[in-house]
Amino acid sequence: MKSSKRENLIRDIVINGTLLLLVLLWTIPTLGIFISSFRTRFNIQTSGWWTIFPHKEWQMVEEREIPEDADPDGVMNIAGATGTFDEFREGITTEDGRQVIWSGNKSLGTIRIKEKRWEFLPELTLNNYGQVLAGKSYEIQTADGGTMEVQGDNFLGAFLNSLTVSIPATIIPILIAAFAAYGFAWMNFPGRKVFFIIVVALLVVPLQIALVPILRDYVKLDLNGTFLAIWLAHTGFGLPLATYLLFNYIKGLPRDILESAFIDGASHFTIFLRLILPLSVPALASFAIFQFLWVWNDYLVALVFIGAKPDVQILTMRIAEMVGSRGSDWHLLTAGAFISMILPLIVFFSLQRYFVRGLLAGSVKG
Amino acid sequence: MEGQRTKSFSLTTILEWFGSTFGQILTAIIVPVVTFVVMWRGFIFLRDGNAPKLVIAVVAIIWGVGGVALIYFVTNWLIERLPPRWTERLQPFLFVGPALAILFWYLAIPTIRTFILSLKDRTGQEFVGLQNYVAVFTDRLMTTAFRNNLLWILVGASLSVIFGLLVAILADRSRFENFAKSLIFMPMAISMVGAGVIWNFIYEVKEAGSAQIGLLNAIWVMLGNEPQAWTAFNQPWNNLFLIVILIWMQTGFAMVIFSAAIKGIPDELIEAARVDGATEVQIFFRIMIPYIMGTIITVSTTIVIFTLKIFDIVWVMTGGQFGTHVIATQFYRQAFTNQNKGYAAAIAIVLVLAVVPVMIYNLRQFAEEEAF
């Protein structure tokens, strides 16, 4: 009995330990850019983001002249360390934990003595966010206390565009799909089965198939770069899954509700609005979250149908553009990436239950 | 007398009928026209307007969402004004019509159009037969893309499934199950572009000697190695560093589905196995895996289809340089950078052909289980 208790304990430690390790592996990447987005440009470029946590670092504690008697071409003894010039150049660690370094060349130079001391750089700033969000120009504090005007990245505008794209591109397909799902589930019309089979077949069709022809249509209709164009595109690409999921849900609703409503003289339209929509809220919510995250995070569809129109560009496009043009401006990239993640993360963590339900209901999308 | 009364009665009825019908027809015309005009003005305002961004955003959202609702309402109002027989006949098409129209315009017809385009030259003018397909399967860049996509699927998709299964099983026996699952699931909420930034930062490389700000190089250098440009050198293994991002993003998805499936395994089954002296490992391989095999296949298929179309990660991280092109990035490059529409269309058709087995499987499932 005792040994089984011990076995249980070991099993517990192994399970929780492995899990904790995996959780750490999965969160550290995001943590890295989150922390970096609050660090100054200089700090990001000269030290890893993990240095904001307390750690031991070599710090110079003393700088002294090179002793008169030191012979750079032989073995020297300086500040308790013994070695040749080359060794001193590399830095010699003494037994009491100090590092002695010859800085400069043989004839001209100084001796630096370093010690490992606790250090952390908690210098944090909101400047990066200010600069990324700002429209045309933004003032930043320079190191010497003055101010400097820099070009803002207008992420606020892109954020609004992302919202303008995502909200209708979430609601429109749901509305259209809910109508269709009701029609397929509870109405009779010629071609009902054939049309639904087409919906099922289109579930896995990759959207790449549509990009070139639809772009042609848009150019002809002068729709390119408009919000309508991208809403419709997302609607088209999201509809098969939406219709399929909502059909399954609506078909599962008890049929007597519908029949008693009919006897009371309600029309299909009223039944749909007053009865079916309210009853389907859980399914609608699951798909809404799914579609919202999909649209908000989409890059390809926006890239093709919004293209280079800067005033309609959404967040993912701005960030991708920034990666291309200023890939080492980490203070801006990290802040920008975080701005693009904040809304989906809120939606995700607050509505996770619904999202999971949606995923479980159907997990194929073209 | 008798006859006249009937006559005048019927005359007024006809007049009344005519009057009301005329009125009805008039409103039936006016309402849709007004709706159309309002929608059109809204569209012009949104396309050409110079209002402040916030105003545009609010108007666009109201116009878009409200407009769709309005179209349904107005059309239904019209249909319900028709004789009942016609209402009954037309109403189903109001319900499924818009969805079908959009599905046909955006997916069904484009499949045919793209197929025709794939048989034409780069401008889409002349038919060139199967020339584009020959090129797709022989071009060096394309064969690299196929090889890479295969690597993405073999390594990325399978490791996502394996890690997902591992986390699901560990979390099921852990006290902080929800906490762990939430955090591993989190990358699913992040865009692939955002994930690209996150991982670019991990892979960041500085010259040897200066402080490494990328986590991977910092560790690598600490272990006494030279800093590496992970996504550029050691082709084709640099692809693995991009694939890691997919695993990071998709493990959560697999985990959530597996977690639900595992909770569906009856406790008695596992208890019985324990009583019979089965070890945990045996329980895992002999009971759990077979029990959730259906789920494993579904999840694997979904991730494989997703991986087949992978685009954003590669496009943002390397742009396809250093031998990292995949099918979808090649498609984009041919369609929009090189403007070689025929070639791009052929690539898209190859992508569709790759998912046809799944499509057939879905249709079969549907035909089997559905008493439609």
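Here's a quick rundown of the structure. All of these numbers come straight from a predicted model, not from anything done at the bench. (Residues numbered from 1 in each chain as written. Chains lettered and ligands numbered in written order. Predicted model: local features only at pLDDT ≥ 70, side-chain atom pairs only at ≥ 80, totals over all residues. Heavy atoms only, no water.)

**Considering the overall build of chain A**
Part 1 of the reasoning: Scanning chain A for helices and strands turns up 15 helices and 8 strands.
Part 2 of the reasoning: The C-alpha radius of gyration of chain A comes to 31 Å, more than 25% above the 21 Å expected for a compact globule of 366 residues.
Part 3 of the reasoning: Along the three orthogonal principal directions, the C-alpha set of chain A runs to about 110 × 75 × 35 Å.
Part 4 of the reasoning: Looking at chain A as a whole, 54% of its 366 residues are labelled buried.
Part 5 of the reasoning: Looking at chain A, you have 29 positive and 31 negative side-chain charges, and the mean spots of the two groups are 16 Å apart. (Helix = DSSP H or I, 4+ residues; strand = E, 2+ residues; numbered from the N terminus. Rg over C-alpha atoms; globule rule 2.2 N^0.38 Å. Buried < 20%, exposed > 50% of the residue type's maximum accessible area, 1.4 Å probe, protein only. Lys, Arg positive; Asp, Glu negative; His and termini not counted. Charge placed at Lys NZ, Arg CZ, Asp CG, Glu CD.)

**What to know about the sheet that holds strand 4 (residues 92–93) of chain A**
Residues and elements named next belong to chain A.
Part 1 of the reasoning: One open sheet holds the 4 strands; their spatial order is 1-6-5-4, and the pairing between them is antiparallel. The sheet terminates laterally at strand 1 (55–65) and strand 4, the two strands that pair on one side only.
Part 2 of the reasoning: Pairing analysis gives 10 bridges linking strand 1 to strand 6 (residues 109–119), with the strands arranged antiparallel. Residue Gln 59 lies in a different strand from strand 6, and its bridge partner there is Glu 115. (Pairing = 2+ DSSP bridges.)

**Observations concerning the pairing of strand 6 of chain A**
Residues and elements named next belong to chain A.
Part 1 of the reasoning: Inspection of the sheet shows strand 5 (residues 98–104) paired to strand 6 by 7 bridges, in the antiparallel sense. Bridge assignment links Gln 99 to a residue of strand 6, and that residue is Lys 114.
Part 2 of the reasoning: The turn joining strand 5 and strand 6, which pair antiparallel and follow one another in sequence, is formed by 4 residues.

**So, the interface of chain B and chain A**
Part 1 of the reasoning: Contacts between chain B and chain A engage 111 residues on the former and 120 residues on the latter.
Part 2 of the reasoning: In total, chain B and chain A occlude about 10400 Å² of area from one another, counting both sides; carbon and sulfur atoms represent 79% of this.
Part 3 of the reasoning: Its salt-bridge partner being B:Glu280, residue A:Arg11 comes within 3.6 Å of it at the nearest N-O pair.
Part 4 of the reasoning: On inspection of chain B and its partner chain A, the count reaches 15 residue pairs in polar contact (both at pLDDT 80 or more).
Part 5 of the reasoning: Ranked by the residues each element gives to the side of chain B that touches chain A, the list is headed by helix 3 (residues 84–118) of chain B, at 21 residues. (Contact = heavy atoms within 4.5 Å. Buried area = accessible area lost by both parts, 1.4 Å probe. Salt bridge = Lys/Arg side-chain N within 4 Å of Asp/Glu carboxyl O. Polar contact = N/O pair within 3.5 Å; in protein donor to acceptor, adjacent residues only side chain to side chain.)

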